[in-house]
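Residues per chain are reported as follows:
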Amino acid sequence: MTALIEVTGLSKTFGGVHAVEALSFSVDEGQIYSVIGPNGAGKTTLFNLITGIYTPTQGEIKLKGEGVVGLEPNQLAERGMCRTFQQMQICMNMTALENVMLGRHLQLKSSLLTTMLRLPSLLKDEEDCRDHAIELMKFVGCGEYLETEASAMSYGALKRLEIARALASNPKIVLLDEPAAGLNGTETAALEELIKKIAAQGITVVLVEHDMKLVMGISDRLLVLNYGRKLAEGTPEEIRNNPDVIAAYLGG
Amino acid sequence: MLKNFLQMRLKGLVVLAVIVLLLPLFFNNPFHYDLATQIAIFAATVVGLNLLVGFAGQISLGHAGFFGVGAYFSAVMTGTYGWTPLPTMLVAAVVVALLAWLVGRPILKLKGHYLSMATLAMGFIIAIIINNEGWLTGGPDGMPVAPFSIFGWELSSFNQYSLFGIEFGGDVAWYFFAGFLLLVAVWIAENIIDSPIGRALRSVHGSEIAARVVGVDTSYYKSLVFVVSAVYASLMGSIYAHFSGFITPHLASFEQSIVLITMVVLGGMASTFGVILGAVVLKLLPQVLADFQELEMMMFGLILMLTMIFMPKGLFPTLQNKLAERKRKKSEEQA
């Protein structure tokens, strides 16, 4: 196994607050890797650091061996990284399908002139893109919303839509920030199946999640954060039996 | 499904073409043609501006500046230096594209609404240059412009033409030419909107962060659409100069930039056919209110405010929704 993401000595401070402090870990290719911890432990900050939204105060992040600190989110997307957000980021001024088609942005290379004149090559690309997006929407269980305006969709459906958009970019790694938040039991069960299916395609999944049942069930490895520091790392079995984790988070 | 969508796109264009063709049935003097030609030229300008404002959500307060550069470049080069109108117009567009790229690229790398500030300043500078460089532009008095010509065929309001045995004046020819340009402008704008580039632009408006994580270089696309909208303004500025035969610095003024933005906001941001309606209303209004000419700017300001408060989506989308609602209610009553 090779490390897809390698984080060493990562720190981020906001004013005097250490949101993430001296954090080191690595995620192997093909794993489902979960980050857990109490609210305010620095999970989302960690995601924002890895995906280029924040710049670290200190430390190194490597993606496939290449240092990626300082790269913009769109440059990371070109290197096969995509993510979803805790506060969903859906373009409400587009249809559901267009949102997913947006995810294929990097695969579509039509020039401005081709676009303005709507030349046949563009139409061919658009049709392929559309087919692919429809397939993905069915894959995540949004098949019935193809032509629906995103603003008219339910919360649960939008959560799945955001995952479809992330997958549309053909990522090697997707980071899902609390995908189960706000979902009911049935929806969470469906989400668990979906994450397993994504991983089965060889896509590495990094997960921030509060739903312990979900996390323990599907993760290959877990990272436990507390006050921005690493509390523990290991397999679900190891984490479950780690006394520090029990004391700090699971609450005995 | 794609075919359906294509048909839907073309439907709007066909309706517009029919309107352009049938409208002269209601015209009974050259003034009507003149006004309709002006409306078509300004409508085409705001169709381009709407790509920037309505779809990408970026505000330009200096678009009349680009319009003015196009107009004066064409006027000076064809008049003083004897260039041919069509190539001159294209060179003007290239100059404006470079100018827009130079202004937009660094500004649009910043987060926040700095573009409106930069374009505001740029618009003022352009207006001041046109006003002060009287040796070149005629200064505040304005300057005459040579008639337009395409491949040696002169298009002038004063000429008489005959086609297939039908005799018609230059005002009619200009009207159909401007109408044709408007249709092309709409066709190109709609093509851009319904494409990967269009989705990237709309995503900048919808959720910039979502756009970036799927790989959209948002500052590049903002700059690109800024350039495209500036080129629209420049080309239409050149056309307007040749059409009117005489231009003044007022074309490039801040007031004009506000009028353009008001057309977009009133008609309906992110609605190509809406902004055309906006151009129609704002060009007809001064005719109706000719007695209150000095209050014109105040009226436009008021319209802008009232639209924002009562119809934030703009005239056209609001009407569209109302119609759709009524239709739904009717079908419910029947059922």
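Residues numbered from 1 in each chain as written. Chains lettered and ligands numbered in written order. Predicted model: local features only at pLDDT ≥ 70, side-chain atom pairs only at ≥ 80, totals over all residues.

## Overview of the overall build of chain A
Stated formally: Secondary structure elements are taken from DSSP: a helix is a run of H or I of four residues or more, a strand is a run of E of two residues or more, and numbering for both begins at the N terminus. The globule rule used here is 2.2 Å times the number of residues to the 0.38 power, and the radius of gyration it is set against is calculated over C-alpha atoms. Whether a residue is buried, exposed or partly exposed is read from the other C-beta atoms within 10 Å of its own C-beta, which are placed from the backbone; 20 or more gives buried, 12 or fewer gives exposed, and intermediate counts give partly exposed. Here contacts are defined at the residue level, using C-beta atoms placed from the backbone and a cut-off of 7 Å between them.
The helix and strand tally for chain A stands at 10 helices and 10 strands. For 252 residues, the compact-globule estimate of 2.2 N^0.38 gives 18 Å, and the C-alpha radius of gyration of chain A, at 19 Å, lies within 12% of that figure. When the 252 residues of chain A are sorted by exposure, 44% land in the buried category. Within chain A, counting contacts between residues at least 6 apart in sequence, those at least 24 apart form 66% of the total.

## Some remarks on the sheet that holds strand E8 (residues 204-208) of chain A
The strands that make up a sheet are held in pairs by hydrogen bonds between backbone atoms, and each pair lies either parallel or antiparallel. Residue and element names in this part refer to chain A. Under the convention used in this document: In short, DSSP must find at least two bridges between two strands for them to pair. Throughout, an axis means a line fitted to C-alpha atoms (over the contacting stretch in the case of helices), and angles, computed between N-to-C directions, take values from 0 to 180 degrees.
With mixed pairing, six strands are arranged side by side in an open sheet as E6-E7-E8-E3-E9-E10. A strand with exactly one partner marks an edge of an open sheet, and here the two such strands are strand E6 (81-83) and strand E10 (229-234). Across the sheet, the axes of successive neighbouring strands diverge by a mean angle of 15 degrees, strand direction being ignored. Docked against the sheet, helix H1 (residues 43-50) engages strand E3 (32-36), E6, strand E7 (173-177), E8 and strand E9 (221-226), running at close to 150 degrees with respect to E7. Helix H7 (residues 185-200) contacts E3, E7 and E8 of the sheet and is inclined by roughly 150 degrees relative to E8.

## A look at the domain arrangement of chain A
Residues and elements named next belong to chain A. Rules: Per the annotation, domain bounds derive from an automatic or database assignment of domains. Each residue gets one label: Ala, Val, Leu, Ile, Met, Phe, Trp, Tyr, Cys and Pro are nonpolar, Asp, Glu, Lys and Arg are charged, and the others, such as Gly, are polar.
Its domain assignment divides chain A into domain 1 (1-80 + 172-252) and domain 2 (86-170). Domain 1 and domain 2 are separated by 26 Å when their C-alpha centres are compared. Opposite the 15 residues of domain 1 that make contact, domain 2 presents 11 residues. Mapped by element, the contributors of at least two residues to the side of domain 1 that touches domain 2 are helix H2 (73-78), E7 and H7. With four residues, H7 is the single largest residue contributor to the side of domain 1 that touches domain 2. When its residues are assigned to classes, the side of domain 1 that touches domain 2 shows nine nonpolar, two polar and four charged.

## Quick word on the environment of Val 264 of chain B
Residue and element names in this part refer to chain B. Checked against the element boundaries, Val 264 lands in helix H11 (residues 254-267). Residue Val 264 is classed as buried on the basis of its C-beta count, with 27 C-beta atoms lying within 10 Å. For the pair formed by Val 264 and Met 77, sequence separation is 187 residues and the distance between their alpha carbons is 31 Å. Those residues within four positions of Val 264 in sequence are excluded, and the remaining contacts are Val 46, Leu 49, Asn 50, Val 53, Gly 54, Met 269, Val 275 and Gly 278.

## Digging into the interface of chain B and chain A
Contact with chain B, which involves 24 residues of that partner, is made by 32 residues of chain A. Of all the secondary-structure elements, those providing two or more residues to the side of chain B that touches chain A are helix H7 (170-193), helix H8 (196-206) and helix H9 (208-213) of chain B. For the side of chain B that touches chain A, the element with the most residues is H8 of chain B, which contributes eight residues. A per-class count over the side of chain B that touches chain A returns 13 nonpolar, seven polar and four charged.

## Side note on unusual backbone geometry
Residue and element names in this part refer to chain A. Unlike most non-glycine residues, Arg 118 shows phi in positive territory, near 50 degrees. Tracing the backbone shows Arg 118 in the loop between helix H4 (112-117) and helix H5 (120-139). Arg 118 gets classed as buried once you count the C-beta atoms within 10 Å, which come to 20. Of note in the backbone geometry, Tyr 227 takes a positive phi value of approximately 50 degrees without being a glycine.

## A few points about the sheet that holds strand E4 (residues 58-63) of chain A
Residues and elements named next belong to chain A. If you walk across this open sheet you meet the four strands as E2-E1-E4-E5, and the pairing is antiparallel. Sheet topology places strand E2 (17-28) and strand E5 (66-67) at the edges, where each strand pairs with a single neighbour. Here two bridges tie E4 to E5, and the two strands are oriented antiparallel to one another. When the bridges of E5 are listed, Lys 62 appears paired with Gly 67.

## Some thoughts on helix H10 (residues 218-244) of chain B
Residue and element names in this part refer to chain B. We count it as follows: A helix is expected to reach a length of 1.5 Å times the quantity of its residues less one.
An ideal rise of 1.5 Å per residue puts 39 Å on 27 residues; H10 measures up with 38 Å between its terminal C-alpha atoms. The buried count for H10 comes to 26 of 27 residues, which makes it a mostly enclosed element. Of the residues one or two after H10, Gly 245 is the one with positive phi, at around 75 degrees.

## Let's talk about the packing of helix H3 (residues 63-79) of chain B against H10 of chain B
Residue and element names in this part refer to chain B. Spelled out, the test is: Should an angle fall under 35 degrees it is called roughly parallel, over 145 degrees roughly antiparallel, and 65 to 115 degrees roughly perpendicular, with every other angle called oblique. Each helix crossing is assigned a hand: it is left-handed if the near helix lies turned anticlockwise from the far helix by less than a right angle, otherwise right-handed if that turn is clockwise.
The contact between H3 and H10 brings their axes to 7 Å, and the two run at 45 degrees. It follows from the interaxial angle that H3 and H10 lie oblique. In the crossing of H3 with H10, the sense of the turn from one axis to the other is right-handed. Seen from H3, the contacting residues are His 63, Phe 66, Phe 67, Gly 68, Val 69, Gly 70, Ala 71, Ser 74 and Ala 75; seen from H10, they are Ala 230, Ala 233, Ser 234, Leu 235, Met 236, Gly 237, Ser 238, Tyr 240, Ala 241 and His 242. Residues belonging to the contact of H3 with H10 are distributed by class as follows: 11 nonpolar, eight polar and no charged.

## Let's talk about the packing of H5 of chain A against helix H6 (residues 155-168) of chain A
All names here are of chain A. Where H5 meets H6, the axes come as close as 9 Å, and the angle between the chain directions of the two elements is 135 degrees. Between H5 and H6, the crossing angle belongs to the class labelled oblique. Regarding H5 and H6, the two cross each other, and that crossing is right-handed. Contacts from His 132, Ala 133, Leu 136 and Met 137 in H5 reach Ala 164, Leu 167 and Ala 168 in H6.

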